[in-house]
Amino acid sequence: TFPAGLGAAFDVMRGTLADLPSDARGYGGVRMVVTRRRPSETMSEAQLAALDAWIRAGGRLMVVVPRAAAELALDEWLAERMPVALRESRQTTLD
């Protein structure tokens, strides 16, 4: 199922984190950013600031990675924005 408010149908834009805007206004119309990488790995400080402002204004960031949750918790930028502390990981399948 999709998070509340997203619905089942939406447009998808493929790109890299480096393609994301460096101004929060650039996220106008974006409902969710989904990534397989930690933002702090590849984004500039301006891009991180814009993403942070968008998240704080209600934007949604989903990080889907094949790494242990403990490794993600070590990413200070990401850990500060998570609504929970990461302690364990598990594998799941989306149908």
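Reading the values: rules and limits
Note that residues are indexed from 1 along each chain, following the sequence as it is written. Where totals are concerned, whole chains, interfaces and linings use all residues; where local detail is concerned, this predicted model gives features only for residues with pLDDT of at least 70, and gives and counts side-chain atom pairs only at 80 or more. Side-chain metrics in this entry use all non-hydrogen atoms of the structure; hydrogen atoms and water are not considered. Remark: nonpolar core denotes a set of buried residues (Ala, Val, Leu, Ile, Met, Phe, Trp, Tyr, Cys) joined through side-chain atoms within 4.5 Å. Only protein chains enter the accessibility calculation, which uses a 1.4 Å probe; a residue is then buried when its area is under 20% of its type maximum, exposed when over 50%, and partly exposed in between. Runs of E in the DSSP output that reach at least two residues are strands. Runs of H or I that reach at least four are helices, and both are numbered from the N terminus. Contact criterion: two residues are considered in contact whenever any of their non-hydrogen atoms come within 4.5 Å of each other. Any residue with relative accessible area above 30% and no salt bridge may belong to a patch, with like charges joined within 9 Å and the nonpolar Val, Leu, Ile, Met, Phe, Trp and Tyr side chains within 5 Å. Every accessible area reported is derived by Shrake-Rupley at a probe size of 1.4 Å, with residue values counting cover from the shown protein chains alone. Salt bridges, as used here, are contacts in which a Lys or Arg side-chain nitrogen is within 4 Å of a carboxyl oxygen on Asp or Glu.

1. Re the nonpolar core
Looking at soluble globular proteins, one finds that nonpolar side chains tend to be buried together.
Here comes step 1: One finds L17, L20, Y27, V33, M43, L48, A50, L51, W54, I55, W77 and L78 forming the largest nonpolar core, which totals 12 residues.
Here comes step 2: Residue assignment for this core shows that the elements contributing at least two residues are α2 (45-56) and α4 (76-79).
Here comes step 3: Among the elements that make up this core, the one with the highest residue count is α2 (5 residues).
Here comes step 4: Contacts of W54, omitting those with residues within four sequence positions, involve A24, Y27, V30, R31, M32, V33, G59 and R60.

2. What to know about a nonpolar patch on the surface
Here comes step 1: A surface patch of nonpolar side chains, amounting to about 240 Å² of accessible area, comprises V34, M62 and V64.
Here comes step 2: By relative accessible area, M62 is classed as partly exposed at 32%.

3. Regarding the environment of M62
Here comes step 1: Mapped onto the secondary structure, M62 falls in strand β2 (residues 61-63).
Here comes step 2: Spatially, the C-alpha atom of M62 lies 7.3 Å from that of M32, the residues being 30 residues apart in sequence.

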